[in-house]
Amino acid sequence: MSESALELDHVGVRRDGRAVLEDISLEINASTIHVVIGPNGAGKSTLLAAVLGQIAFSGTIRQRLPAGAAIGYVPQSFVADRTLPITIGEFLALSRQRWPVCLGLRPAARAKTAELLAKVGLSGMERRRLGELSGGELRRVLIANAIDPVPALLLCDEPATGLDPDAVAQLDALLCELRDQHHTTIVMVSHDRAQVRRIANRVTLIDRTVKDTGQPAKVLERAGDVAT
Amino acid sequence: MSWLYDWWIALAKALGLSAELQYPFVARGVVAILLLAPLLGGLSHLVVARRLAFFSTTLGQAALTGLVIGVAAGQPLDDTYASILGFCLLVAIVMVYVRRQATLPPDTVIGVFMAFTLGLGICLLVAATRRFNIHQIEAVMFGSVLTLTDHDLVLVLALGALLGAATAFAYNAILADSLSPPIARARRVPTTAVDYGFVVIVTIAITVSLKVIGALLVEAMVVVPAAAARNVARSTRSYLVWSMVIALVAGLGGLVISTVWRVPTGGAIVLALSICFFITLPLGRWRSGSPDRS
């Protein structure tokens, strides 16, 4: 039995007086891919925001990660101003060099950026403007941004949205590599049942509270059409 | 500073500029623009990226109220930096705090603050004009190079260098937070400090620019250069460079217009900035390759 990387104990979130999450207790094992499923409005993205400490919550969330370990995050939506003149290379360099990106990219950041883009199938696109990218390309850039430095905990909110089948296969391989070779714990929100079956070690169905958790095939079978 | 004025006068003569442009106060104005334009133009691209245009307008209104408070409290009219900066910083910090706490949209919260500062300023203006002629206050409202002193220029130079260094130090964090606060927080960017720190930088920059550009128009200098630069820039580097160049060209152009046609400096600079924006607008549409895009 693996040791847990993340423990949620009676976690609740209220918004405008309404319970968005209630009494969520969950243990997520280290070096696994744990997928959270549920209908729209079930509180899946809110759960990730609570784990990231970006919203107020009741209860306890314990991260059992090495000191100083990196946490990666791929948000569901990226509401950046699409008219902002920033290239993909500059965006990725923002957190990879101290030198202001408006004064140019340092050689180390340039090399790292090229390496990350190659990993998500966007080689040579450093000079493309962020605002010119399609939804799928933008999502791949966000994934590239989240996997360096190699995170001990990676939180992905619908990472396959907008990706074509080849890109989804590449994403699956990337996530499995992180889990298997770098021991990254991955918590992922997904509506893609086929992807869940392919890569998940464990699945939790939530609808404001935990409805079911366990082996992917069994949880998906019990969930029926609920989580689609 | 006399060498600087002598240099400008010699240059103006060599270039065959009209007699009006050879006055020492114009030399002070040129130096002020050379210092302020890169600072405000440089900041403008981050102000627009952080969607603080309306916020900057409110700071301009708050500056007017700060001026009136200072004058009403007995400060000399030619040295009201303390009251303007104090009131603007107070408004800026409270505005950021309320915006972060409130569930209302940010522009609604900022609109409330703008109404409050303007209302307070107008009420206090009545008190101030009992002691001073309204035309003396107009210089700060609309900007005038006539009232610039060497002391003002030294202040602009010192604070400009400090603000430029602080912005460069935090640049990547400011831009990361502007693009996506959730991603920035996940990457351990101190987003709260960035939020407050950047408005403090903008507030100080606006305060030191008031004498040249004026309280009512200063927000244009931290918004329009970046708006025009967006039409032509392809990266943050070119965005920064274009913002600074446009601020510089419009600043010097506005100063010439102001001196030759004897109109307020701030108004002339804003007109020149607007012209730059409308010149670059079709250029941006042409470069984007989609002329029908709205």
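Our structure's up above, just so we're on the same page.
A quick note: this is a predicted structure, and the numbers were derived from the prediction, not measured. (Residues numbered from 1 in each chain as written. Chains lettered and ligands numbered in written order. Predicted model: local features only at pLDDT ≥ 70, side-chain atom pairs only at ≥ 80, totals over all residues.)

*Asks:* How do you make sense of the sheet that holds strand β7 (residues 185-189) of chain A when you look at a structure like this?
*Replies:* Backbone-to-backbone hydrogen bonds pair the strands of a sheet. The strands run either parallel or antiparallel. Residues and elements named next belong to chain A. Reading across the sheet, the 6 strands line up as β5-β6-β7-β3-β8-β9 and stay open at both edges, with mixed pairing between neighbours. Single-partner strands in this sheet number two, and they are β5 (71-74) and β9 (209-214). Averaged over all adjacent pairs, the angle separating strand axes in this sheet is 15°, with direction ignored. Sheet topology note: the strand β6 (residues 153-157)/β7 ladder contains 5 bridges and is parallel. Across the sheet, the residue bridging to L153 is T185, located in β7. Sitting on the sheet, helix α1 (residues 44-51) touches β3 (33-37), β6, β7 and β8 (202-207), and the angle it makes with β7 is about 145°. Across the sheet, helix α4 (residues 135-146) is in contact with β5 and β6; its angle to β5 comes to roughly 175°. (Pairing = 2+ DSSP bridges. Helix = DSSP H or I, 4+ residues; strand = E, 2+ residues; numbered from the N terminus. Axes fitted to C-alpha atoms, helices over the stretch in contact; angles between N-to-C directions. Contact = placed C-beta atoms within 7 Å.)

*Asks:* In this structure, what is going on with the interface of chain A and chain B? I would like to understand it.
*Replies:* When the parts come together, some accessible area is lost, and that loss is often what is quoted as the size of the interface. If you look at the interface, chain A gives 20 residues, while chain B gives 22 residues. When grouped by side-chain class, the residues that make up the side of chain A that touches chain B number 13 nonpolar, 5 polar and 2 charged. (Nonpolar A, V, L, I, M, F, W, Y, C, P; charged D, E, K, R; others polar.)

*Asks:* In this structure, what is going on with unusual backbone geometry? I would like to understand it.
*Replies:* Apart from glycine, the bulk of residues carry a negative phi angle, and the bulk of peptide bonds sit in the trans form. Residues and elements named next belong to chain A. Geometrically, the link from D148 to P149 is a cis peptide bond, its omega value of -5° lying close to zero. Mapped onto the fold, P149 is located in the loop between α4 and β6. The phi dihedral of S31 is positive, around 55°, even though this residue is not glycine. Assignment of secondary structure puts S31 in the loop between β2 (18-29) and β3.

*Asks:* How should the environment of I93 of chain B be read in this particular structure?
*Replies:* All names here are of chain B. Mapping I93 onto the fold places it in helix α4 (residues 81-101). Exposure remark for I93: the 14 C-beta atoms within 10 Å place this residue in the partly exposed category. Residues I93 and L281 lie 188 residues apart in sequence; the distance between their C-alpha atoms is 34 Å. (Buried ≥ 20, exposed ≤ 12 C-beta atoms within 10 Å, placed from the backbone.)

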